[in-house]
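Per-entry structural report
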Amino acid sequence: MAFIDIDGIGKTFGAFQALTDIQLSIEACEFVTFLGPSGCGKTTMLRTIAGFITPDAGTITVEGRVLSQPGAALPPELRQMGMVFQNYAIWPHMSVFENVAFGLRIAHVADAEIKSRVARILEAVGLEGLARRHPGQLSGGQQQRVALARSLVVEPKILLLDEPLSNLDAKLRERMRVELKTLQRRTGITFIYVTHDQAEAMALSDRIVVFNQGRMQQQGSPRDIYEQPANLFVADFMGLVNRVSGEWCGPAQVRIGAHVLDVTSAAAIRIGAVTVAIRPEALLPVTTALEGQNLIEGVVRESVFLGNIVDLCVDIGGVELHVQADRWCTLAAGDPVRLAVEPAECVVMKNE
Amino acid sequence: MGQLIAGSLRGQRFGPQNLVLGLAILVLLVLVAYPMLWLILGAFGVPQDLTLDNFQRAFTRAQNYSALANTLQLGFGTGLLSMAFGVSLAWAVARSDMPGRQIIHLLVALSYITPPYLTALAYIILLGPDAGLINRLLRDVFGFSLGPLNIFSMNGVIFVISIHVFAFTYFLTHSALKSIDASLEESAQMLGARRWQTTLRINLPLVAPAITGGVLLSVIDSLALFGPQAIIGMPAQIVFLPTRIYATISSYPPRWGEASALSLVLVAMTVIGLGLQRFFLERRSYVTIGGKGVRSQTIRLGGWRWALLAVCALVVAMSAAAPIGVLTLTAFSKDWIAPLSLSNLTLAHFGTALFSDQVAARGIYNSFRLAAGAAFVAMAVGASIAYLDLRTNLRGRNVLDYLAMLPLGLPGTVMAVGVLLAFIRLPIGVYGTIWILLIAYSARFIPLATRSVSATLRQIDASLEEAGRITGSSWLQSMRRIVVPMARPGLLVAFLLVFIPAFSELSATILLYTGGTETIAIAIYRLNDLGQIEVVCALAVFTIAVVLALSAMVHFLSRDRTAPSEGVG
Amino acid sequence: MRITRRFTIITATAWSANAAIARAAGAETGPENTAQIDIARAKAEGRVVIYTSLDTQLVDTIIAPFRERYGIEVTYFRAGSAEVTGKVLAEADAGRSQADMVDASDLAALLLMKERGLLRPFESAARALLPASQRDPDSTWIVDRLTQGVLQYNVAEFGAAPPQHWADLGRAGMAGRVSFWSASSGDGAPRIITLAQHLGWDVVKSIARTKPLRTVSPQTMAQIIERRERGVGLLQNDNVAWRSKLQGKGTDFLFPSEGVPSEFGACGLLKTSTRPHAAALFHEWWMSAEGQAVLSKGGKYSPRTDVAPPENSLPITKMKLLEQDYTTYKRDRAKILDQMADVFGGEWGN
Ligand SMILES: Nc1ncnc2c1ncn2[C@@H]1O[C@H](COP(=O)(O)OP(=O)(O)O)[C@@H](O)[C@H]1O
Ligand SMILES: [Mg+2]
């Protein structure tokens, strides 16, 4: 049994099915990210774990204790979790110190200990010296740190974070990413993190869980998810991808126009029309292919120099492929080109 | 699979949250739904019998029929006059470069917060057909032999009520005009439209829903104003539905069934009006384009601005300055008929009003405690209903919300009939005590509190409360330490918004009070019946001073209100 | 104002002599006469609630010495006669009577309450001093004041030649100069109907044709005349006219020679009272020579023959009184109010 077991969770709001059969196990000290477009149910799932939402189906078990089941949920205050809200939810009528000390006061911790623990945690999040400030006098990044400190000071076993970085500017976001990751490693707290930003998810997570329309699409390490998307949605969501229609034509082979590609298959498909997903950076302009690689011939339609890469549009006979070549590529529109691609990079999926 | 901690899960159902909110629902049902049920039952003759006679009487007896006709006429007249006063003043203040706009705005507010029955009393002194001060002045100046103005007429009633209720039209139109961005007009002008064309083709359609909504609100309020309808209408021999309902019950033997049926007729009128008003104001939404950053065009009037000022000044002089002035003057005069002179000044009437007259002194005390009590109950219930509506997914919460808004459509007289019917038979000792007034006031003003708290709660993001929960505090602790402290200015505003009208409530009180539970409004009304006009005026001045001070406080608090939630997303 | 020794002695004697009897006889139903009043129990009851139509200033003056003497609190509900009656009846219907004693300037109202069995017989010590027509043979009510409807006028308007007769108020020249009073509950009707019954409807109708200004009470009518909003008042309360004149407000009043309607105000104790001794004790103070003297000082005529008329006033025996037919009024009230509404218009509570 895992640390957290999410078993068949479903939730509807009126006629709207917000979550369907969510099945997930999370280990202690893991950094798990719920990733998906806005409105796909990430927050709903997170709030169900927190106890703000009672599920209609399924159970949530933490360390063998059932915390949520249909029609009943242990109230959030008894779950020993922490949560960082998207808008930080810093209480404006309390100083930074009081905000952070709140949970300790509720738990009737002695004053002296409160002082030292708050001081320690403020230092840890880089807010030393700001204890007296009021939230109105803090920058967005500082408020973010207060929210972190506030939820960490009570030493939760699980920390839930709902798009904590989405309100910060790009520079600060990068820095906070690193800090969050370090913090998680240092404290060993289980982080469940919600974001719609796939780069953020990849930078932070041990494991990513992709959501769409209230359903779990795929879970796995960032690399697995990127390289072996379970379906077109995941492939699309994780980054740029060429979606090419083809036809299954033999064991691990797909015909695309005049070309036949060796592929790997995400699903047990053995017949009919399929889609092949190929990342643009997996297509390499070459002179000759290596052993086992697919080789596709085409003509450059367009070439744009972007600095770190060169963006090519290659016509391979009625189908256009998007190719990201390195910056030394000098191909121009009209040039013939040969593209090499590993069969592992050609992921076949059911048509949708 | 682990074990369910059944205890803490079951505990939820009877937890403090459900207890507090459940109690609020119960109070709301007892305060609003139960009296309304009795009003309907009463109209069918329950408990004595079950009949439709009362409805037949309500529509066929000449007295009732003419009360209905007069009430409609009153509504029509106040609608027209409110539109004339409200729209022109709103335009002058919002859009023109007329001098003294701030003062005009404040005086409109003052005419709104002055209890309308006091304005009515003042106008008997000012516009009595023969002895009225203004009539005397007009006769001296223009040499009329009679009159020329007679407050004791349908026009008189319409006038006195309009100078109170036009404020609704004014405020709604004013804010609509303020929210039209100048760019809308400028683009019309770029296309070659002239000033008057812009006004007619762009501004008017944009603010028309606000004007209609405001006028309807003015009309609805005017139908319910028992005070001026009685004070001016009685001498004028004109009967309106509220005064008719009052007379039906206060004569002997009291005719409850007829009063209930008439009450339902009045409710139907106000509810239809409110429905229309909602309809028009919902259409208004396209006017409010953003709240801030709206730039409005000021229209330069040149020499005409002084003429406009004269018109506006005349309106507010009639609606605020003159009535309050004459009440004040009378309150300080030894002999109110004698001309103004230093030797005629005295503070004695205040001594009588505040200390020695028993009914008056008791009235002041009762009004303070009733207003405070009702404000507290309405605020608590209103806060709970707003919370239920905004923060929970309880089934039927919109029904509760509707129920909490229902008293808006119930004139005080009607509310009193319902409360009387409902509570006079209950074995608990509510009837004949101050509690029945507390019930009526709380019920009447729950909508004000609910709306106000709801606006406050909307500004406090739910996550602030949830952050408290997940950090380990129970619902009750989160309420006490996070939501209530943050909402405190808003809650205080809600408290005051109920306190102010409750302090001077007349139309429900007149049917519900008894010996010992007189309020300040009753003292004023009854002492006026007994001819003690100077003491009445002293009480009036005191009342106005109290509501004015509290309104200033509301204004002050509301301005500060946005401050705490800044930076909270 | 002090409670005089005489009243104290009478009640104290009654108390000491009859305490034992009172305890035996009046235990359940309350005292049946003055002698049975148990002052100790009255004090224990602690409070009296009266519903009255008397001017609050007078009520306050009557109450104050009583409260001081016995430490018994008196709370009152004051409104016009019809409203007071309506409230008593409404409460009785609902079984939630609040009042211990009721007083209204409308004997018909007390007759109605008696008919409905709301009043408790009580033999007041004052009975002997009142003519038989002014007390109930069954002792459920007793007249406590007499109000005459006089003709009040503004001196500046009429100088030495005020209208002398009721019929004068209906003359053409009086258009827009007359005022009359009745609250919306119709409490001004009894004396108008009396006038109509004695002098004929023509007189009343001709007055109505002058478009008289309606006021809600005698006191507001006095104001109207003092300010000269109108010059003359129809059927003004004698005490109100008397006070206005006394205070030098520029008004005077007269008793038309064809007669003035005399209205009986009466009081009674309620059966449902939970404070029978305190109520009876107060009733007796109210009806005592001292209590009634307060009324007389305030301009009211007492029914007691041993209480002097108000200062500078005609004794009641010197007036021509138009008697009111209370039984008819009680029986036909609804019809009469309809008539009033027809003749004068406006609200009569009908
Ligand atoms: N309390 C609620 N009532 C009704 N619908 C809700 C509620 N909460 C969320 N939803 C709906 O559920 C869907 C998922 O919402 P959410 O979990 O907030 O998505 P996100 O993935 O952006 O965090 C959305 O369509 C949202 O409108
Ligand atoms: Mg979300």
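Residues numbered from 1 in each chain as written. Chains lettered and ligands numbered in written order. Predicted model: local features only at pLDDT ≥ 70, side-chain atom pairs only at ≥ 80, totals over all residues. Heavy atoms only, no water.

**Notes on the interface of chain C and chain B**
Residue-level contacts link 55 residues of chain C with 53 residues of chain B. When the area that chain C buries against chain B is broken down by residue, the three leading residues are Arg-96, Arg-227 and Glu-347 of chain C, summing to 16%. Between chain C and chain B we count four salt bridges in total. Taking the shortest distance from any N to any O, the salt bridge between Asp-130 of chain B and Arg-177 of chain C comes out at 3.1 Å. Where chain C meets chain B, there are 31 residue pairs in polar contact (both at pLDDT 80 or more). Those elements that place two or more of their residues in the side of chain C that touches chain B are helix H3 (56-70), strand S2 (73-78), helix H4 (81-94), helix H5 (107-115), strand S7 (213-215), helix H9 (218-226) and helix H13 (326-344) of chain C. It is H4 of chain C that provides the largest number of residues to the side of chain C that touches chain B, a total of nine residues. (Contact = heavy atoms within 4.5 Å. Buried area = accessible area lost by both parts, 1.4 Å probe. Salt bridge = Lys/Arg side-chain N within 4 Å of Asp/Glu carboxyl O. Polar contact = N/O pair within 3.5 Å; in protein donor to acceptor, adjacent residues only side chain to side chain. Helix = DSSP H or I, 4+ residues; strand = E, 2+ residues; numbered from the N terminus.)

**Describing the domain arrangement of chain B**
Residue and element names in this part refer to chain B. You can read the domains of chain B as domain 1 (66-327) and domain 2 (346-569). The centre of domain 1, based on its C-alpha atoms, is set 25 Å off from the matching centre of domain 2. Across the boundary between the two partners, domain 1 contributes 27 residues, which contact 29 residues of domain 2. For the pairing of domain 1 and domain 2, the buried interface totals around 2,500 Å² over both sides, and the portion due to carbon and sulfur atoms is 82%. Area buried by domain 1 at its contact with domain 2 is led by Tyr-117, Tyr-246 and Trp-256, which between them contribute 23% of it. Along the contact surface separating domain 1 from domain 2 lie zero salt bridges. At the level of secondary structure, the elements contributing two or more residues to the side of domain 1 that touches domain 2 comprise helix H5 (101-113), helix H6 (116-127), helix H11 (226-231), helix H13 (241-250), helix H14 (256-283) and helix H15 (304-331). (Domains from an automatic or database assignment.)

**Section: the pairing of strand S13 (residues 253-256) of chain A**
Both faces of the sheet carry side chains from a regular strand, because those side chains alternate between them. All names here are of chain A. Here S13 shows a clear split, with Val-254 and Ile-256 buried on one side and none of Gln-253 and Arg-255 buried on the other. Where strand S12 (residues 242-248) meets S13, two bridges bridge the pair, whose relative direction is antiparallel. Bridged to Glu-247 within S13 is Arg-255. Between the end of S12 and the start of S13, which pair antiparallel, lie four residues, with Gly-250 showing a positive phi angle near 130°. Of the strand pairs in this sheet, S13 and strand S14 (residues 259-262) are connected by four bridges, and their pairing is antiparallel. Each bridged residue has a counterpart across the sheet, and for Ile-256 the counterpart in S14 is His-259. The loop that links S13 with its antiparallel partner S14 comprises two residues; one of these, Gly-257, has a positive phi angle of about 55°. (Buried < 20%, exposed > 50% of the residue type's maximum accessible area, 1.4 Å probe, protein only. Pairing = 2+ DSSP bridges.)

**Observations concerning the interface of chain B and chain A**
Frequently, the measure chosen for interface size is the accessible area removed from exposure when the parts meet. Across the contact, 29 residues belong to chain B and 37 residues belong to chain A. Between the two partners, chain B and chain A, sit two salt bridges. With a shortest N-O distance of 2.6 Å, Glu-466 of chain B and Arg-47 of chain A are connected by a salt bridge. For the pair chain B and chain A, the number of links is six residue pairs in polar contact (both at pLDDT 80 or more). Residue assignment for the side of chain B that touches chain A shows that the elements contributing at least two residues are strand S1 (3-4), helix H1 (6-11), helix H21 (462-470) and helix H22 (475-503) of chain B. With seven residues, the single largest contributor to the side of chain B that touches chain A is H21 of chain B. Here the residues of the side of chain B that touches chain A are counted per class, giving 13 nonpolar, twelve polar and four charged. (Nonpolar A, V, L, I, M, F, W, Y, C, P; charged D, E, K, R; others polar.)

**Some remarks on the confidence of the model for chain B**
Residue and element names in this part refer to chain B. Averaged over chain B, the pLDDT score is 86; the fraction of residues at 70 or greater is 93%. No element of chain B has a lower mean pLDDT than S1, which averages 43, and none a higher one than H11, which averages 94. Low pLDDT (under 50) marks residues 285-293, which in the prediction has twelve contacts with non-local residues, meaning those over four places away or in another chain. A low-confidence stretch, residues 561-569 (pLDDT under 50), is modelled with 14 contacts involving residues beyond four sequence positions or located in other chains. Both scores are given for the predicted complex: the pTM is 0.86, the ipTM 0.87. (pLDDT = per-residue confidence, 0-100.)

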